[in-house]
Amino acid sequence: MLVRARKSAGLTQAVVGAWVSRGKTAVSKWESGVSRPSRADVEILDRKLRCHGALVRAWQVEETGSFLPPWEKSIPELEKLSATIELASLSVIPGLVQCASYAELMMAEGIHPGSRQQILNIAQRRAARYDALRQAADPWVIAVFPLSALLHLPAQVRRGQVRRLLSIISGGRARVHLLSDGAVVGLVSPLMLFHLRDGGVVTASEHNRGVVLHDNTTDHERMSAQFKRALGSALSAEQSREEMEGMI
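What you see is a predicted model; the values in this text were computed from it and never measured.

*Asks:* Report on the packing of helix 7 (residues 100-109) against helix 8 (residues 116-127), specifying residues and quantitative values.
*Replies:* When two helices pack together, their arrangement is captured by the angle between the axes and the distance separating the axes. With their axes 8 Å apart at the nearest point, helix 7 and helix 8 run at an angle of 135° to one another. The angle between helix 7 and helix 8 places the two elements in the oblique class. Relative to helix 8, the crossing made by helix 7 is right-handed. Contacts between helix 7 and helix 8 involve Ala-100, Ala-103, Glu-104 and Met-107 from the former and Arg-116, Ile-119, Leu-120, Ile-122, Ala-123, Gln-124, Arg-126 and Ala-127 from the latter. Residue classes in the contact of helix 7 with helix 8 are distributed as 8 nonpolar, 1 polar and 3 charged.

Next comes the structure, spelled out in structure tokens:
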């Protein structure tokens, strides 16, 4: 990729090498794969060649097999780095947009090993995530989940969760799309897509043993297609809002 970026800019190896205090020979070795530059050098070259992070990601893949550096392999960090977050589930409300009473109910029903107070503390922290994220990065959030995930809740929890969702969509950059009964969607587990501000995309799915991050192109394409299918099968944002308003 360095070869393509350099030639597109009409630059010689000597000029590019001078940017990072290296000679033409060093750049030639990098481009031929004989050796690799340091991450610091790659970041400079990425900026100078206006690659918008693509050169850094290519280097990361060559270095570690994954385009994500270790410190970015966590959901909270990915959320902060995202311009848009897409969430889809066939059974539950995505964690980022849960209210405290809903989160508490889900953990209790899931037989969480903690005490009631521990569960309550975790639920309150989870419910505060969206507001904290909005203050820190304010990404777009698009959530797709079944209407039944709201309808089958105890009345008090349902009202609290609906009010939370209405508050999020009216006060922030967020949309909710509800899946009505009979919608056919090819999801087998909760799905998360993080569209990073540097142009990268990270996908993740949630399983019994926790969240699994996927960082290869094949997974991205497949999971992106799954999300689009779920979104296409759901009610519009306006219809979803009207359905929720009717619950309170």
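*Asks:* Lay out helix 4 (residues 39-48) with the relevant residues and their values.
*Replies:* Within helix 4 the residues assigned to the buried category are Asp-41, Val-42, Leu-45 and Asp-46. Buried residues of helix 4, seen end-on, are gathered within an arc of 135° and therefore sit on one face of the element. In the segment just after helix 4, Arg-50 is the residue with positive phi, at about 55°.

*Asks:* Quick rundown of the packing of helix 11 (residues 155-171) against helix 13 (residues 237-245)? Include the residues and the values.
*Replies:* Two elements in contact, helix 11 and helix 13, have axes separated by 10 Å at closest approach and are oriented at 145°. Two packed elements cross with a definite hand, and for helix 11 against helix 13 that hand is left-handed. Residues Val-162, Leu-165, Leu-166 and Ile-169 of helix 11 touch helix 13, and the partners they reach there are Arg-241, Met-244 and Glu-245. Within the contact of helix 11 with helix 13, the residues separate by chemical class into 5 nonpolar, no polar and 2 charged.

*Asks:* Which residues make up unusual backbone geometry, and what values go with them?
*Replies:* The phi angle at Ser-21 is positive, at roughly 60°, despite the residue not being glycine. For Ser-21, the location among the structural elements is in the loop between helix 2 (13-19) and helix 3 (24-32). Phi is positive for Arg-50, which is not a glycine, with a value near 55°. Mapped onto the secondary structure, Arg-50 falls in the loop between helix 4 and helix 5 (54-64).

*Asks:* A description of helix 3 should follow, citing residues and the corresponding values.
*Replies:* Listing the buried residues of helix 3 in full gives Val-27, Trp-30 and Glu-31. Down the axis of helix 3, the sector holding all buried residues measures 95°, keeping them to one side. Projecting away from the buried face of helix 3 at angles above 90 degrees are the exposed residues Thr-25 and Ser-32. Buried residues along helix 3 sit against helix 1 (2-8), helix 2 and helix 4. Residue Gly-33 follows helix 3 closely and has a positive phi angle near 85°.

*Asks:* Account for the nonpolar core, with residues named and values stated.
*Replies:* Where a protein is soluble and globular, its nonpolar side chains tend to be buried together. If you look at the biggest cluster of nonpolar residues, it comprises 35 residues, and the most contacted ones within it are Val-141, Phe-145, Leu-150, Leu-178, Phe-194 and Met-244. Of the residues forming this core, the biggest block, 5 residues, is contributed by helix 11. In this structure, Phe-145 is in contact with Ser-89, Val-92, Ile-93, Pro-94, Leu-150, Leu-165, Val-176, His-177, Leu-178 and Leu-179, ignoring residues within four places of it in sequence. In terms of nonpolar packing, the next biggest core, distinct from the first, is built from 14 residues, Trp-30, Val-42, Leu-49 and Ala-54 among them.

*Asks:* Quick rundown of the pairing of strand 1 (residues 82-88)? Include the residues and the values.
*Replies:* Counting buried residues along strand 1, 5 of its 7 residues qualify, which places the element largely inside the surrounding structure. In the sheet, strand 1 pairs with strand 4 (residues 191-196) via 6 bridges, with the strands oriented antiparallel. Note on strand 4: the bridge partner recorded for Leu-87 is Met-192.

*Asks:* Describe the pattern of salt bridges, and please don't skip the residues or the numbers.
*Replies:* On inspection of all chains with the given rule, the structure shows 10 salt bridges. The shortest N-O distance in the salt bridge between Arg-6 and Glu-31 comes to 2.6 Å. Taken together, the residues Arg-6 in helix 1 and Glu-31 in helix 3 connect sequence positions 25 residues apart. The class for Arg-6 is buried, based on a relative accessible area of 8%. With a shortest N-O distance of 2.3 Å, Arg-241 and Glu-238 are connected by a salt bridge. Of the two residues, Arg-241 and Glu-238 both sit in helix 13, 3 residues apart, roughly one turn of that helix. If you follow the salt bridges from partner to partner, you end up with Glu-238, Arg-241 and Glu-245 in one network.

*Asks:* So what's going on with the side chain of Glu-104? Which residues, and what values?
*Replies:* Among the structural elements, Glu-104 can be located in helix 7. For Glu-104, the residues in contact, after removing those within four places along its chain, are Arg-116, Ile-119, Leu-120 and Ala-123.

*Asks:* Could you give me a rundown of the environment of Ser-21, with the residues and numbers involved?
*Replies:* Here Ser-21 falls in the exposed class, since its relative accessible area comes to 66%. Taking the C-alpha atoms as reference points, Ser-21 and Asp-41, separated by 20 residues in sequence, lie 9.2 Å from one another.

Conventions used here
- Along every chain, residues carry numbers that run from 1 in the direction the sequence is written.
- Per-residue local features are limited, in this predicted model, to residues with pLDDT of at least 70; the limit for side-chain atom pairs, both in listing and counting, is 80 or more; totals at the level of whole chains, interfaces and linings are taken over all residues.
- As a convention, hydrogens and water are excluded, and side-chain values are obtained from all of the structure's heavy atoms.
- Simply put, an axis is a line fit to the C-alpha atoms, just over the touching stretch for a helix, and the angle between two N-to-C directions goes from 0 to 180 degrees.
- Only DSSP runs of H or I covering at least 4 residues are called helices, and only runs of E covering at least 2 are called strands; the numbering of each starts at the N terminus.
- Any angle that is under 35 degrees is reported as roughly parallel, and any over 145 degrees as roughly antiparallel; angles of 65 to 115 degrees are reported as roughly perpendicular and all others as oblique.
- We call a crossing left-handed when the near helix sits turned anticlockwise from the far one by less than a right angle, and right-handed when that turn is clockwise.
- By definition, residues are in contact when any of their heavy atoms lie within 4.5 Å.
- Here the term charged refers only to Asp, Glu, Lys and Arg, the term nonpolar to Ala, Val, Leu, Ile, Met, Phe, Trp, Tyr, Cys and Pro, and the term polar to all other amino acids, Gly among them.
- Buried, partly exposed and exposed residues are distinguished by accessible area as a fraction of the type maximum, computed with a 1.4 Å probe on protein chains only: under 20%, between the cut-offs, and over 50%, respectively.
- The arc in question is traced by the directions running from the helix axis to the C-beta atoms.
- Note on terminology: a nonpolar core comprises buried Ala, Val, Leu, Ile, Met, Phe, Trp, Tyr and Cys residues joined through side-chain atoms within 4.5 Å.
- Two strands are counted as paired when DSSP detects at least two bridges linking them.
- Any carboxyl oxygen of Asp or Glu within 4 Å of a side-chain nitrogen of Lys or Arg constitutes a salt bridge here.

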